[in-house]
Amino acid sequence: MRFAIREFDTVTSTMDLAIEAAESGVVEGYVVAAEEQTSGRGRRGRTWTSPPGVGVYLSVVLRPRLEAVHGRLLAILTLAAGVGVRDAVNRLTGLDAHLKWPNDVLIGPRKVAGILAEGINIGMPQQTVVLGIGVNVADGVYLDAVGSNATSLERESGRRMDSSSVRDEVLTAVGDTYDRLARGEADDILRAWRSASPRSMGAQVEWDGPDGTQRGTTHGIDDNGALLVRIGDRVQRVIGGELRWL
Ligand code: BTN
């Protein structure tokens with residue numbers, strides 16, 4: 001995968017600019033990267049705090065023609081991006097980061113990066129995915145906010161990091177996993193994801209379902225990227241929703 005990077009100082013969200021660019025026809029591999037986001041967003045409508053100079057904030061336009069993952073495109077792409085970002089974090093820090101379903105990259109108990117995939121015209125010939133990646137590179141006041149479980153590459157590794165090297169490493173690794181998906185290696189990517197996510201097996205979780213709060217034990221992910229949770233003697237698939245790790 002080849003990238004064409006457009007750099008900005010301050011944007012609302014790199015997602016907004018990348019989606020706009022995608023809709024006006026840019027080619028696959030177009031990247032919007034910013035120093036700062038004033039309305040950075042995370043999954044499920046949450047805010048992704050994005051102060052200047054301490055993080056990598058970027059969105060990549062993808063035009064996937066991945067027949068092998070038809071019908072599970074967004075879930076598989078999210079997991080694949082997680083595998084790529086985790087590889088990059090490991091290379092940069094020398095540490096062993098892990099993945100928390102569906103898309104968090106953690107070092108120990110703390111989150112260092114997050115991934116957001118938004119689809120346009122999914123299932124149609126011109127389907128597009130904008131993949132947003134946020135990495136905490138250096139410490140900012142936000143890391144010490146009450147209730148924050150965030151950390152940064154610098155804090156964990158004790159090394160100074162240069163944001164543009166982090167960005168390049170992340171893009172290279174994510175481009176690599178994307179190329180592997182395009183070569184039909186989705187099973188290998190899922191295998192890599194599973195081995196990078198010890199908590200997807202045997203951890204206690206709960207979530208609010210239509211019949212109230214449910215609680216169970218994680219039992220891996222299936223080939224569509226859904227989390228499997230054992231409740232008593234049955235196994236339930238969890239697709240989205242807010243899962244709480246206990
Ligand atoms: C999450 O873990 O909830 C996903 C976080 C995704 C954050 C990135 S930062 C770059 C891109 N622009 C955004 O507004 N969000 C994503």
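Refer to the structure printed above.
The shown structure was predicted, so the numbers you read here are calculated from the model rather than taken from an experiment. (Residues numbered from 1 in each chain as written. Predicted model: local features only at pLDDT ≥ 70, side-chain atom pairs only at ≥ 80, totals over all residues. Heavy atoms only, no water.)

*Asks:* Lay out the pattern of salt bridges in plain terms, naming residues and giving numbers.
*Replies:* Within this structure, the stated rule accounts for 17 salt bridges. A salt bridge links D96 to R86; the shortest N-O distance between them is 2.7 Å. Pair noted here: D96 is in the loop between α2 (73-93) and β4 (98-100) and R86 is in helix α2, with a separation of 10 residues, a long-range link. Overall, R86 belongs to the buried group, its relative accessible area being 16%. A salt bridge links R167 to D168; its shortest N-O distance comes to 3.5 Å. Since its relative accessible area comes to 12%, R167 is described here as buried. When salt bridges that share partners are traced, they join E206, D208, R215 and R244 into one network. (Salt bridge = Lys/Arg side-chain N within 4 Å of Asp/Glu carboxyl O. Helix = DSSP H or I, 4+ residues; strand = E, 2+ residues; numbered from the N terminus. Buried < 20%, exposed > 50% of the residue type's maximum accessible area, 1.4 Å probe, protein only.)

*Asks:* Tell me about the packing of α2 against helix α5 (residues 186-195), residues and numbers included.
*Replies:* Two numbers describe how α2 lies on α5: the axes approach to 9 Å, and their chain directions differ by 60 degrees. Judged by the inter-axis angle, α2 sits oblique to α5. Where α2 crosses over α5, the handedness of that crossing is left-handed. On α5, the residues that touch I76, L79, A80 and V83 of α2 are I189, L190, A192 and W193. Broken down by class, the residue content of the contact of α2 with α5 amounts to 8 nonpolar, no polar and no charged. (Axes fitted to C-alpha atoms, helices over the stretch in contact; angles between N-to-C directions. Parallel < 35°, antiparallel > 145°, perpendicular 65-115°, else oblique. Left-handed = near helix turned anticlockwise from the far one by under 90°. Contact = heavy atoms within 4.5 Å. Nonpolar A, V, L, I, M, F, W, Y, C, P; charged D, E, K, R; others polar.)

*Asks:* Break down the nonpolar core for me, with residues and values.
*Replies:* Core analysis: the largest hydrophobic core is formed by 57 residues, its most contacted members being V85, W101 and V166. The element best represented in this core is α2, accounting for 11 residues. Each residue touching W101, except ones within four places of it in the same chain, is listed here: L79, W193, I221, G225, A226, L227, V238, I239, G240, L243 and W245. Formed by 12 residues, the second largest nonpolar core is a distinct cluster that contains A18, I19, A22 and V26. (Core = buried A, V, L, I, M, F, W, Y, C linked by side-chain atoms within 4.5 Å.)

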